[in-house]
Amino acid sequence: MPIFEYKCNQCKKEFEKLIFTGEENNITCPDCKSPDVAKKMSAASFMGSSMGKCATNSPKGFS
Ligand SMILES: [Zn+2]
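What you are looking at is a predicted structure, and each value in this text was computed from that prediction instead of being measured.

> Looking at this model, I keep getting lost on the coordination of the zinc ion. Mind explaining?
Ideal geometry at a metal gives 109.5 degrees between four tetrahedral donors and either 90 or 180 degrees between six octahedral ones. For the zinc ion, every protein donor is listed as Cys8 (SG), Cys11 (SG), Cys29 (SG) and Cys32 (SG), and the spread of their distances is 2.2 to 2.3 Å. For the zinc ion, the four donor atoms are set out with angles of 102 to 120 degrees between them, so the coordination reads as tetrahedral. Taken in sequence order, the residues that donate to the zinc ion follow the motif C-x2-C-x17-C-x2-C. A relative accessible area of 1% means that Cys29 is categorised as buried. A relative accessible area of 33% means that Cys32 is categorised as partly exposed.

The following block contains the structure:
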């Protein structure tokens with residue numbers, strides 16, 4: 001079950017939310033209840049894609 005990171009455009013609060021099917025278009029800020037939130041790329045997937053490129057080189061670099 002995917003957890004997405006969001007940032008509220010109203011109060012600038014960042015929060016994580018577990019998204020159920022059909023809920024992804026109905027996200028509101030837990031603090032100010034504003035629907036004006038921006039989905040962030042999750043830290044896990046962001047690091048996975050960026051580190052994937054250097055993963056082939058890093059084992060030799062550490063030894
Ligand atoms: Zn908010």
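> Is there a simple way to explain unusual backbone geometry in this structure?
Note: most residues except glycine have negative phi, and most peptide bonds are trans. Its identity is not glycine, yet Lys12 carries a phi of approximately 65 degrees, on the positive side. As for its placement among the helices and strands, Lys12 is situated in the loop between strand E1 (3-8) and strand E2 (14-18). Of the residues examined, Lys12 reaches a relative accessible area of 53% and is grouped as exposed.

About the cut-offs
Residues numbered from 1 in each chain as written. Predicted model: local features only at pLDDT ≥ 70, side-chain atom pairs only at ≥ 80, totals over all residues. Heavy atoms only, no water. Donors = N, O, S within 2.8 Å, 3.2 Å for Na, K, Ca; no water. Tetrahedral: all angles 85-135°; square planar, octahedral: opposite > 155°, others 65-115°. Buried < 20%, exposed > 50% of the residue type's maximum accessible area, 1.4 Å probe, protein only. Helix = DSSP H or I, 4+ residues; strand = E, 2+ residues; numbered from the N terminus.

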